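# A structural walkthrough
Below are the chains, spelled out letter by letter.
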Amino acid sequence: MDSISAEDPIFPWLRSIETVLEEFHSDAESSFSRLEGILGDCIRTFMNSDLYRDDVRFLKIWILYADVTQDVEKVYLEMEDKQIGISHSLLYEAFAFLMESKGNLVEALSFYQLGISRKAEPLERLKKMHKLFLNRISDFVDSCSNKNQKGFHRSLKKYAGKVPLNSLHTSSRNKVIELGGRKYQIKGCSGQGAFARVYKAFENSNPDDVVALKIQTPPFPWEFYMYRQLDMHISDDKRSSFGVAHRLHAYADWSILVCDFKAHGTLQDAINSYLVTGHCMEEELCIYYTLEMLHMLETLHSVGIIHGDFKPDNLLVRYARYWKVDLWKNLFSTLLNSSSHGNDPMVLRSLRETFEDHVCGDSQMIRKLKQLLVKQRASLCSS
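Computed from a predicted structure; not experimentally measured.

Criteria and cut-off values
- Residues numbered from 1 in each chain as written.
- Predicted model: local features only at pLDDT ≥ 70, side-chain atom pairs only at ≥ 80, totals over all residues.
- Heavy atoms only, no water.
- Buried < 20%, exposed > 50% of the residue type's maximum accessible area, 1.4 Å probe, protein only.
- Helix = DSSP H or I, 4+ residues; strand = E, 2+ residues; numbered from the N terminus.
- Pairing = 2+ DSSP bridges.
- Expected span 1.5 Å × (residues − 1).
- Contact = heavy atoms within 4.5 Å.
- Phe/Tyr/Trp six-rings, centres within 6.5 Å; stacked < 30°, edge-to-face > 60°.
- Axes fitted to C-alpha atoms, helices over the stretch in contact; angles between N-to-C directions.
- Parallel < 35°, antiparallel > 145°, perpendicular 65-115°, else oblique.
- Left-handed = near helix turned anticlockwise from the far one by under 90°.
- Nonpolar A, V, L, I, M, F, W, Y, C, P; charged D, E, K, R; others polar.

Going residue by residue along strand β2 (residues 176–179), you find I177 and L179 tucked away on one face and V176 and E178 left uncovered on the opposite face. The hairpin turn running from β2 into strand β3 (residues 182–192), its antiparallel successor, is two residues long, and G180 in that turn takes a positive phi close to 55 degrees.

Shown next as structure tokens:
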């Protein structure tokens, strides 16, 4: 035993963990507390050791610790920081499952996508688990398809259109795909991610009827379901702050989401338009976009919806509504130290009103803001 411990210092810890797990049947409460302690001590002992960074046994200890403590996000961030087990598909499968079990489906999807993008091994098993996850999402959406799911078109067959969807990656312009009796003439790719691409298209070749087609494989109907949740729960006067999905065509191998097309790009595009010239965005515009984001979050939280991937490249810019240190200090200190205990809408509303009061009380700022928005709109339209 001593020689094994010398060559493999983690071995005694594994035996201790195994012993505690065996005792669960007789004394679960006491064993649970002991297990959490042993797992935490083991992790702290070896977390900086190169010997175990890619050891699947140590990876399993971290996963078990995340499950026992239920602090999944914090544990994963520590693992990412220490680069623990990032080449193993088990890392992404396990954390995706833990997120799914908590109802965080967007975060679960993100783990599968991250593992696949890193080509974690065994990759085929990870892809299979990813597909099974998407099937579960599809089954859930199918079960709701007769309830406020206007525009949902489901087929168990593979997509069999004249234009193969995977051919759009290399050549898409002016190709026509037919969906549900409508023809969409693709004019170009306006965005892409690891699993989906978004195309600008004319519906029935009408240049006045422009839509966005989000084409994704494996199919992912969950996004359409959430659009319909927004339709159901958000009032008409606030609904325009969020995207609109008209239809979803879900096949066994692809899904095509038909949405409104926004010509001005994303908030990330707006930020990049400054970065490429070595400039910083004016404070008036920062306040404007902060107001918009706070308004969106306040609206979502007030109806019990949490956006799992709220970031600049997921926020489309629209032009429809209209550096003070204390102002920004209050914003970030409130967001970073908030303990609202379920009262998020009130916190977000207070922050939004602070910014609105500041803007509305300064006529010169309003004039400058309007000028900047016109200038930026012209810049994004020409890019």
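We now examine helix α3 (residues 28–46). The first and last C-alpha atoms of α3 sit 27 Å apart over 19 residues, in line with the 27 Å expected at 1.5 Å per residue. The complete set of buried residues in α3 reads S31, L35, I38, L39, G40, C42, I43 and F46. Buried residues along α3 sit in contact with α2 (11–22) and α4 (56–69).

Considering all chains together, one arrives at 13 aromatic pairs under this definition. With centroids separated by 5.3 Å and ring planes inclined at 80 degrees, the aromatic side chains of Y159 and Y251 adopt a geometry described as edge-to-face. Taken together, the residues Y159 in the loop between β1 (152–154) and β2 and Y251 in the loop between β6 (245–250) and β7 (255–260) connect sequence positions 92 residues apart. As far as the burial class goes, Y159 and Y251 line up, both buried.

Its 13 residues place the ends of helix α6 (residues 89–101) 18 Å apart at the C-alpha level, agreeing with the 18 Å of an ideal helix rising 1.5 Å per residue. The element α6 is extensively covered by neighbouring structure, given that ten of its 13 residues are classed as buried. Taken together, the buried positions of α6 are occupied by S89, L91, Y92, E93, A94, F95, A96, L98, M99 and E100. Those residues of α6 that are buried lie in contact with α4, α5 (72–82), α7 (105–117) and α8 (123–143).

Cis geometry is found at the peptide bond from E121 to P122, where omega equals -5 degrees. Structurally, P122 can be placed in the loop between α7 and α8. Non-glycine residue S205 carries a positive phi angle of around 60 degrees. Structurally, the position occupied by S205 is in the loop between β4 (196–203) and β5 (210–216). Taking relative accessible area as the criterion, S205 reaches 44% and is therefore assigned partly exposed.

Where helix α12 (residues 283–302) contacts helix α14 (residues 344–360), the two axes come as close as 9 Å, and the packing angle between them is 155 degrees. Here α12 is positioned roughly antiparallel relative to α14, judged by the angle of their axes. Where α12 crosses over α14, the handedness of that crossing is left-handed. Every residue of α14 that contacts α12 at I287, T290, L291, L294, H295, L297, E298, H301 and S302 is listed here: D344, P345, L348, R349, L351, R352, F355, E356, H358 and V359. Residues of the contact of α12 with α14, tallied by class, amount to nine nonpolar, five polar and five charged.

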